[in-house]
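# Structural overview for review
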Amino acid sequence: MSVDDGVRRLKSEADEPGWEVDPDDDWGLAVIATVGRQLRLRREAVGMRAADFGIAVGYGEDLVYKIEGGKRIPRPEYLDKADEVLDAGGLISAMKDDVAKVRYPKKVRDLAKMEARAVEIQLYDPLNIHGLLQIPEYARGLLLMRRPAYTQDEVERMTAGRIARQSIFQRDPAPELSFVLEEWTLRRPLGGRALMQPQLERLLEVGRLRNVELQVMPMDREEHAGLAGGIEVLKFGDGSAVGRSAAVSNGRPVTEAKQLHILEMRYGIIRAQALTPRESTAFIEQLLGET
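First things first, this report covers the structure right here in the doc. (Residues numbered from 1 in each chain as written. Predicted model: local features only at pLDDT ≥ 70, side-chain atom pairs only at ≥ 80, totals over all residues. Heavy atoms only, no water.)

## Topic: unusual backbone geometry
Following R147, the chain continues into P148 via a peptide bond in cis, with omega recorded as 0°. The topology assignment puts P148 in the loop between α7 (136–144) and α8 (152–164). Geometrically, the link from D172 to P173 is a cis peptide bond, its omega value of 5° lying close to zero. The residue P173 is located in the loop between α8 and β2 (176–182) in this model. (Helix = DSSP H or I, 4+ residues; strand = E, 2+ residues; numbered from the N terminus.)

This is how it looks when you write it as structure tokens:
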């Protein structure tokens, strides 16, 4: 029996990739600095050394100092355990909601806020299965292909942010969602052939929701209104809307009625050229049977 057999291994940074603070996210930096300061003050108030606290929560002393110094985002389990060890009565655990938002990149948070307000969303992505439809493994596989390469931390943070946005499917009242997918994105095994079966199953699952219309654009179409690039249109309860497409304003968000009309017109034509939702479901089921 070795000396270390009875010693619990404490977590280090290498055990938790993707929990770095984005240096360009001022709000995120402020939140994590505040949380870290509260953790340190609470620990010192009960007279516990960082090393002893680390052992109690299962983290190395260096990682404890980085979290308290606002250099690392604490995991939800860390905050729950800290609340228990420091007898905080739920005050530390209560910080989990704000900390969870910081985990995701700022641009993802901004997009999620707009999606949370939208009552209708129209989405067409000519290159990949749309992020709101991706399973975690597929999302991670796509991010790993990026060149120049993202760091492992960046991949994990962006994957988590992308999947978190899918809470839109649990909203009540639910928004009306329309997706148009290219056939080739359903056939090309990006990230690995083994991922396609669960990814296709996910598409069928989402497509069965009453507020979702999912359509496939077949590769044999001789006419296609989406060759200029992807389209996103979000409509809000007050009658306003925002849209984005590489073909309009170089991909910058637009709110002007004329530009939104162009995007909606193109999206409407794309939908008319694609398979119907019922035909698309049958098509995906056929592909699933071939995998």
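Picking up where we left off.
## Quick look at the sheet that holds strand β3 (residues 212–217)
Spatially, β3-β2-β1-β4-β5 is the arrangement adopted by the 5 strands of the open sheet, whose pairing is mixed. Only two strands of the sheet have a single partner each, and these edge strands are β3 and β5 (241–244). Between one strand axis and the next, the sheet turns by 5° as a mean value, whatever way the strands run. Note that strand β1 (residues 118–125) and strand β4 (residues 231–236) share 6 bridges and pair antiparallel. Bridge pairing links Q122 to V233 in β4. (Pairing = 2+ DSSP bridges. Axes fitted to C-alpha atoms, helices over the stretch in contact; angles between N-to-C directions.)

## Side note on the packing of aromatic side chains
For the structure shown, the criterion picks out 2 aromatic pairs. For the ring pair F53 and Y78, a centre distance of 6.1 Å and an interplane angle of 80° mean the geometry is edge-to-face. One end of the pair, F53, is in helix α2 (residues 50–57); the other, Y78, is in helix α4 (residues 76–85), with 25 residues separating them in the sequence. Residues F53 and Y78 agree in their burial class; the two are buried. Ring geometry for Y59 versus Y78: centroids 4.7 Å apart, planes at 85°, classification edge-to-face. Within this pair, whereas Y59 is found in the loop between α2 and α3 (61–68), its partner Y78 is found in helix α4, the two being separated by 19 residues in sequence. (Phe/Tyr/Trp six-rings, centres within 6.5 Å; stacked < 30°, edge-to-face > 60°. Buried < 20%, exposed > 50% of the residue type's maximum accessible area, 1.4 Å probe, protein only.)

## A few points about the pairing of β1
The buried fraction of β1 amounts to 6 of the 8 residues, a majority that puts the element mostly inside the structure. Of the strand pairs in this sheet, β1 and β2 are connected by 6 bridges, and their pairing is parallel. Bridge pairing in β2 links L123 to F179.

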